[in-house]
Amino acid sequence: MAGYRKLGRTSSQRKALLRNQVTNLIYHGRIVTTEAKAKEIRKITEGLIAMAVREKDNFEMVTVEQKVPKKDVDGRRMKESKDGKNVVIYDTVSKEIKKDSPSRLHARRQMKKVLYPIKEVPKETAGRKKGTKEIDLTNKLFDEIAPKYANRNGGYTRIVKIGPRKGDAAMEVVIELV
């Protein structure tokens with residue numbers, strides 16, 4: 001008996017399909033798919049969420065000093081002349097950042113192995129590169145999803161049957177984060 005469903009695909013196609021569906025489930029919160037695919041997606045997604053819940057508070061806040069160029073009213077860098085050369089003037093800025101512990105960093109890298117990168121395109125700039133932004137799903141898992149499920153022991157997804165598909169009568173389901 002196999003430990004997973006083959007879904008009528010080669011291993012590379014199956015892995016790509018499941019990665020895509022898991023990424024969309026985490027990004028959107030719910031997707032419509034067939035029952036067999038949903039059961040495979042559930043295994044992967046629950047593992048990722050459990051990892052995020054386990055490592056959600058495993059970081060420390062660190063203050064970092066950084067040199068930033070001074071800018072004028074127009075947004076251009078300010079320069080001053082020293083020994084006949086124009087030199088950029090810098091300010092020192094303090095910034096608080098999260099520093100992951102080694103186990104959280106490992107969890108983040110394991111998540112990135114499964115999740116595809118997502119680019120969000122605003123409607124007014126559709127079709128153009130300008131204005132697109134990269135969505136970090138690992139941060140979404142750690143910051144939004146993990147705190148929501150912190151006191152829950154598994155069972156992060158729900159599968160609801162919605163009936164057979166018209167074309168091939170495959171059972172369609174909605175898989176969603178609870």
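Thresholds, definitions, all that
Residues numbered from 1 in each chain as written. Predicted model: local features only at pLDDT ≥ 70, side-chain atom pairs only at ≥ 80, totals over all residues. Heavy atoms only, no water. Helix = DSSP H or I, 4+ residues; strand = E, 2+ residues; numbered from the N terminus. Contact = heavy atoms within 4.5 Å. Pairing = 2+ DSSP bridges. Axes fitted to C-alpha atoms, helices over the stretch in contact; angles between N-to-C directions. Left-handed = near helix turned anticlockwise from the far one by under 90°. Nonpolar A, V, L, I, M, F, W, Y, C, P; charged D, E, K, R; others polar. Phe/Tyr/Trp six-rings, centres within 6.5 Å; stacked < 30°, edge-to-face > 60°. Buried < 20%, exposed > 50% of the residue type's maximum accessible area, 1.4 Å probe, protein only. Lys NZ or Arg CZ within 6 Å of the ring centre and 35° of its normal.

Before going further, it helps to examine the side chain of Gln21. Mapped onto the elements of the fold, Gln21 is located in helix 1 (residues 11-28). Those residues in contact with Gln21, other than ones at most four positions away along the chain, are Ile31, Thr33, Lys37 and Ile41.

Within a regular strand, side chains alternate between the sheet's two faces. As paired strands, strand 3 (residues 79-82) and strand 4 (residues 85-88) are joined by four bridges and run antiparallel to one another. By the bridge assignment for strand 4, Lys79 is matched with Val88.

Where helix 1 contacts helix 2 (residues 35-55), the two axes come as close as 9 Å, and the packing angle between them is 65°. Taken as a pair, helix 1 and helix 2 cross one another with a handedness that is right-handed. Along its contact with helix 1, which presents Leu17, Leu18, Gln21, Val22, Leu25 and Ile26, the element helix 2 presents Lys37, Glu40, Ile41, Ile44, Thr45 and Leu48. The residue makeup of the contact of helix 1 with helix 2, split by class, is eight nonpolar, two polar and two charged.

Turning our attention to the packing of aromatic side chains. Summed over all chains, the structure comprises one aromatic pair. Judged by centre distance (5.2 Å) and plane angle (50°), the rings of Tyr149 and Tyr156 are tilted. Assigned by exposure class, Tyr149 and Tyr156 land together as buried. Above the ring of Tyr116, the side-chain terminus of Arg19 is found at 4.0 Å from the ring centroid. Over the aromatic face of Phe142 sits the side chain of Arg104, whose NZ or CZ is 4.1 Å from the ring centroid.

Let us now look at the sheet that holds strand 8 (residues 157-164). With antiparallel pairing, the three strands of this open sheet are ordered in space as 1-9-8. Bordering the open sheet on either side are strand 1 (30-34) and strand 8, each of which pairs with just one other strand. Across the sheet, the mean angle from the axis of one strand to that of its neighbour is 25°, orientation sign disregarded. The sheet contact formed by strand 8 and strand 9 (residues 171-177) spans seven bridges and is antiparallel. Counted as the bridge partner of Arg158 is Glu176 from strand 9.

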